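Listed below are the residues making up each chain.
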Amino acid sequence: MNQITQEAVMQALSQVIDPGKSQNLVDAGMIDYATVCDNHINVDLILPSTAYEHRDTLLKTVRTALEALPDVKNVTVGISLKTPAAIKPFQRPADRPVAPVAPRQLLPNIKNVIAVSSGKGGVGKTSVSVNLACALTQLGYRVGIVDADIYGPNVPIMMGLRGARITGEQGGKPLPPENYDVKVLSIAFMIREDQPVVWRGPMLDKIIRQFLTDFEWGELDFLLVDLPPGTGDAQLTIMQAASLAGAIIVTTPQEVALHDSRKGLAMFTGQNIPCLGIIENMSYFECEHGGRYELFGHGGGRRAAEELSVPFLGEIPLVPEQREKADQGQPVVVYDPDGKQAAIFRNVAEQVVESLRISNEKSPMPV
């Protein structure tokens, strides 16, 4: 069996024409990532939003071109929605950018309510939610988080609000505690730290609805809802009560996690809630001596996004210091804003905003 070279892959891609630019993909600068391992080909394309309508055609053409290479075993093609942000020192923008607005809203002062979901526990969903929220604030947006994991509320710990209580009030409504320019609401602010929540579904439904409507959030561009794993009561309540602008699925590359994530995605799409994309967390580990290790496999998030025809929002590497600082209440984008990991999260945040803009323009939710 002949080994496929990266040069052969790039040559095949140079024969594919971008319908929006009338250039081949290589000359158009649309190849972000192309590797070959034992004749398994992984490619990630950069897709400008102006070419999004050609997405399905382009995916099919790329796959056909690569599958035509001799002795190819497997082809995985992923898509990012915009040109990638360079890894560079962070500078807070002088002016707040304009946030997209969901076409249907039950919370008039909140432009977009976004569910952050995973089918399986242990994929780092809360860590992603917290860093995504802080990254959005660094991009200039007004952001809040609802910790909807009533039985295991960990958002306050990671947001540096461990032990906080709800004390402020405005206009007769209590104010959510705030840190790192992010407003946060959690059941943890209302109970002892060692007190378990032993509730049936109706009580859980009631408290989540109160989080949304009985507190003074002020004006927000984004309210992220950190959901518990699975497809249960909390998910049903949020879908019914929050008029979601979209959902983000967090997974690891491991097939077990991807299997459960597909169920979560089906739950949202079954309720006409658009999926803004998939984030692959714990994608790889880079050793300080230069080696790269794919502890949970690699490319699963891209493959799932391709199979399910949803955007791939990015890969988040596994960084031990991120876990250590999270336990201390310091999200990575806060304690090391100029670092590579923070830049990756801000790039993912930009992808989310762009995906939301496209979703709001092309697929408005029914009233």
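Scroll up to find the structure this text is about.
Now for a look at the structure at hand. Residue indices follow the written sequence of each chain, beginning from 1 at its first position. With the structure being a predicted model, the display of local features is reserved for residues of pLDDT at least 70 and the display and counting of side-chain atom pairs for 80 or more, all residues being used for whole-chain, interface and lining totals. Each side-chain value is worked out from all heavy atoms of the structure, with water and hydrogens disregarded.

Taken together, the 8 strands give an open sheet; going across it, the order is β10-β11-β7-β12-β6-β13-β14-β17, and neighbouring strands pair in mixed fashion. Each end of this open sheet is capped by a strand with a single partner; those strands are β10 (178-179) and β17 (312-316). Sheet topology places strand β14 (residues 275-281) next to β17; 4 bridges connect them, and they run parallel. When the sheet's bridge partners are listed, Glu280 is paired in β17 with Glu315. Contacting β6 (110-117), β7 (143-147), β11 (182-185), β12 (220-226), β13 (246-251) and β14, helix α3 (residues 125-138) runs over the sheet at an angle of about 170 degrees to β12. Pairing between strands requires that DSSP locate at least two bridges from one strand to the other. Only DSSP runs of H or I covering at least 4 residues are called helices, and only runs of E covering at least 2 are called strands; the numbering of each starts at the N terminus. Throughout, a contact is declared for two residues whenever any of their heavy atoms are within 4.5 Å. Every axis in this analysis is a line fitted to C-alpha atoms, fitted for helices over the stretch in contact. Angles between the N-to-C directions lie between 0 and 180 degrees.

Before going further, it helps to examine the environment of Arg63. Relative to the helices and strands, Arg63 is located in helix α2 (residues 55-67). In the structure, Arg63 is positioned 13 residues away from Thr76 in sequence and 7.8 Å away in space, judged by C-alpha atoms. Sequence-distant contacts of Arg63, defined by excluding residues within four places in its chain, comprise Val75, Thr76, Val77 and Glu306. At a separation of 2.7 Å, a polar atom in the side chain of Arg63 contacts the side chain of Glu306. Pairs of N or O atoms are called polar contacts if they sit within 3.5 Å, as long as, within protein, a hydrogen donor faces a hydrogen acceptor (for residues adjacent in sequence, only side-chain-to-side-chain pairs).

Let us look at the packing of aromatic side chains. Two rings belonging to Phe, Tyr or Trp (six-membered ring only in the last case) form a pair when the distance between their centres is within 6.5 Å. Interplanar angles under 30 degrees mark stacking, angles over 60 mark edge-to-face geometry, and anything in between is tilted. Taken as a whole, this structure holds 2 aromatic pairs when the rule is applied. Pairing Phe211 with Phe215 gives two aromatic rings, centres 6.3 Å apart and planes at 70 degrees, and the pair type is edge-to-face. Only Lys NZ and Arg CZ are tested; either one counts as a charge over a ring when it is within 6 Å of the ring centre and within 35 degrees of the ring normal. Positioned above the aromatic ring of Tyr335, the side-chain terminus of Lys325 is 5.5 Å from the ring centre.

Each patch is built from residues lacking any salt bridge and having more than 30% relative accessible area; the joining distance is 9 Å for like charges and 5 Å for nonpolar side chains (Val, Leu, Ile, Met, Phe, Trp, Tyr). Computed by Shrake-Rupley with a 1.4 Å probe, the accessible areas treat only the displayed protein chains as cover when residues are assessed. By definition here, a salt bridge exists when the distance from a side-chain nitrogen of Lys or Arg to a carboxyl oxygen of Asp or Glu is within 4 Å. Residues Tyr293, Leu295 and Phe296 make up a contiguous nonpolar surface patch of roughly 300 Å² in combined accessible area. Of note, Leu295 is situated in the loop between β16 (292-293) and α8 (300-308).

The next thing to look at is the nonpolar core. Side-chain atoms within 4.5 Å are what join buried Ala, Val, Leu, Ile, Met, Phe, Trp, Tyr and Cys residues into a set we call a nonpolar core. Throughout this description, buried means an accessible area under 20% of the type-specific maximum (1.4 Å probe, protein chains only), exposed means over 50%, and partly exposed covers the range between. Residues Leu244 and Phe268 are the most contacted members of the largest nonpolar core, which totals 85 residues. With 8 residues, the single largest contributor to this core is helix α11 (residues 340-362). With residues up to four places along the chain from it excluded, the contact list for Phe268 reads Ala115, Ser117, Leu227, Met239, Leu244, Ala247, Ile249 and Ile273. Grouped together as the second largest cluster of nonpolar side chains are 19 residues, Val16, Met30, Ala34 and Val77 included.

Okay, the pairing of β7 next. Looking along a regular strand, one sees side chains alternate from face to face of the sheet. Across the 5 residues of β7, 5 count as buried, placing the element largely inside the fold. Alternating positions in β7 separate into two faces, Val143, Ile145 and Asp147 on one and Gly144 and Val146 on the other, with burial throughout. Bridge count for β7 against β12 is 5 bridges, and the pairing is parallel. When the sheet's bridge partners are listed, Val143 is paired in β12 with Phe222. For β7 and β11, the ladder comprises 4 bridges, and the chain directions are parallel.

Quick look at unusual backbone geometry now. With a phi close to 70 degrees, Asp71 is a non-glycine residue in the positive phi region. Note that Asp71 resides in the loop between α2 and β5 (74-80). Residues other than glycine seldom take positive phi values, yet Ser309 does so here, at roughly 55 degrees. Along the polypeptide, Ser309 turns up in the loop between α8 and β17. Overall, the relative accessible area of 44% leaves Ser309 in the partly exposed class.

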